[in-house]
Structures are given as C-alpha cells and as structure tokens.
Amino acid sequence: PTGGESGQRNFRITGQLFRWCEENEALGVGFDSSTGFILPNGAIRSPDLSWVSRERWESLTPKQKKGFIPLCPDFVVELRSESDSLDKLQKKLLEYRENGARLGWLIDPQNRQVEIYRQGKEVDILENPTDLSGEDVLPNFSLNLKF
C-alpha cells in the first residue's frame, strides 16, 4: 500500500483517465494498478495506471483477458511514492518502452518532475508541469497535474 498523499494523487490521475476512457471507449481500455501484464520479455508488471488500444485488446482471447494480460500496455504511468527508488522506476519505464509501450509517464512529486518515455526517442524531463498531453496515443487527453 501507498501513503495518503500518493494514494490521493493516484486517485486523481486514475479519475481523469477514467473519464477520458468513458468518452473514448472505442479507442481502448484502461486499467488500474492491480492489473498484471506479462511483457514480451516474460516479466510480470503492474503499472500504476495503463491503457491498451481497442484493437490489441480485442485480439486477445477471453481466457487471456481474464488472467494476467499477455502484452505490454500502449500507455503506462508510474507514480513515485516516498518509498520508491527513482532508479528502479526509471528502469521499469525503460522496460515498458523496450517491450512496446508507446508512451510512458514517470511522475515524480518529490522532485516535481515528469519523465516522458516514447518509442524511438530520448527521455524528456519536464520540470513542474501543470498538464501532460496524451499525444497521439491518447488523442485529446490532457492530465491536469497537481504536485
């Protein structure tokens, strides 16, 4: 479990993505932090928040949809809590990217930074951003970010 501040941040972020998913249901499906994914490299991961395109989700069998999902999400979020190692989370985001994630956010409230991971690009580090764009992965999604 996380502490109160991390739990509250995660709740706000999840709520915003949930609203977008409800309005854009045809594009894909979102998942909370309790969802397990089996990445192509065999690792089992559970990002704090994730999203999978509708096409990739529908390509799974009913059995695959019930268990740990055998793919890497298109979009992942890791929210750093007080007890999390920044280095460990950075390695997780790199692993997601190497396994097919198209967009990943490492939200670091302690340093008031967000690291953005994209396919084929260097990591972008934003200092004290107020909002984040879902870019072409989550069209018209904007996360209102409060540290």
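To start, this report covers the structure provided alongside it. Per chain, residue numbering runs from 1 following the sequence as it is written. Totals for whole chains, interfaces and linings use every residue, but because this is a predicted model, local features are given only for residues with pLDDT of at least 70 and side-chain atom pairs only at 80 or more, for both listing and counting. Here the side-chain values reflect all heavy atoms present in the structure, with hydrogen atoms and water set aside.

Thoughts on the environment of Gly104
On the secondary structure map, Gly104 appears in strand S6 (residues 103-108). The rule is simple: take the accessible area with a 1.4 Å probe, protein chains only, and divide by the maximum for that residue type; under 20% is buried, over 50% is exposed, in between is partly exposed. Exposure remark for Gly104: the relative accessible area of 2% places this residue in the buried category. Leave out the neighbours within four places in its chain, and Gly104 touches Val76, Leu93, Glu115, Ile116 and Tyr117. Secondary structure elements are defined from DSSP: runs of H or I of at least 4 residues count as helices, runs of E of at least 2 residues count as strands, and each element is numbered from the N terminus. Residue contacts are counted whenever heavy atoms from the two residues lie within 4.5 Å of one another.

Describing the environment of Glu78
Mapped onto the elements of the fold, Glu78 is located in strand S5 (residues 75-79). Overall, Glu78 belongs to the buried group, its relative accessible area being 3%. Once the C-alpha coordinates of Glu78 and Asn10 are considered, the two residues, 68 residues apart in sequence, prove to be 9.3 Å apart. In this structure, Glu78 is in contact with Ser46, Pro47, Asp48, Leu89, Lys92, Leu93, Tyr96, Trp105, Leu106 and Ile107, ignoring residues within four places of it in sequence. In this structure the side chain of Glu78 is engaged in a polar contact, spanning 3.3 Å, whose partner is the side chain of Lys92. Throughout this description, a polar contact denotes any pair of N or O atoms lying within 3.5 Å of each other; where both atoms belong to protein, one of them has to be capable of donating a hydrogen while the other can accept it, and for residues adjacent in sequence the pair is counted only when both atoms sit in side chains.

Points about the pattern of salt bridges
Should a side-chain nitrogen of Lys or Arg be within 4 Å of a carboxyl oxygen of Asp or Glu, the pair is scored as a salt bridge. In total, this model carries 10 salt bridges according to the counting rule given. In this structure, Asp124 engages Arg118 in a salt bridge whose closest nitrogen and oxygen atoms are separated by 2.5 Å. Judged by relative accessible area, which is 34%, Asp124 ranks as partly exposed. We classify Arg118 as buried; its relative accessible area is 13%. Taken together, the shared-partner salt bridges connect Arg54, Glu58 and Lys65 into one network.

Looking at the pairing of S6
For S6, the tally of buried residues reaches six of six residues, placing the bulk of the element in the interior. In S6, alternate side chains face the same way, and those of Leu103, Trp105 and Ile107 on one face and Gly104, Leu106 and Asp108 on the other are all buried. Direction of pairing for S5 relative to S6: parallel, over a ladder of five bridges. Bridged to Glu78 within S6 is Leu106. The path from the first strand over the helix to the second decides the hand: if it runs clockwise while the strands point away from the viewer, the crossover is right-handed. A crossover connection joins S5 to the parallel S6 through helix H4 (residues 86-98); in handedness this β-α-β unit is right-handed. Strands were regarded as paired on the criterion that DSSP finds at least two bridges between them.

Thoughts on the side chain of Arg80
One can find Arg80 in the loop between S5 and H4. Polar contacts involving the side chain of Arg80 include one to the side chain of Asp108, which spans 3.2 Å. The residues contacting Arg80, other than those within four sequence positions of it, are Ser6, Ser85, Leu86, Leu89, Ile107, Asp108, Pro109, Gln110 and Asn111.

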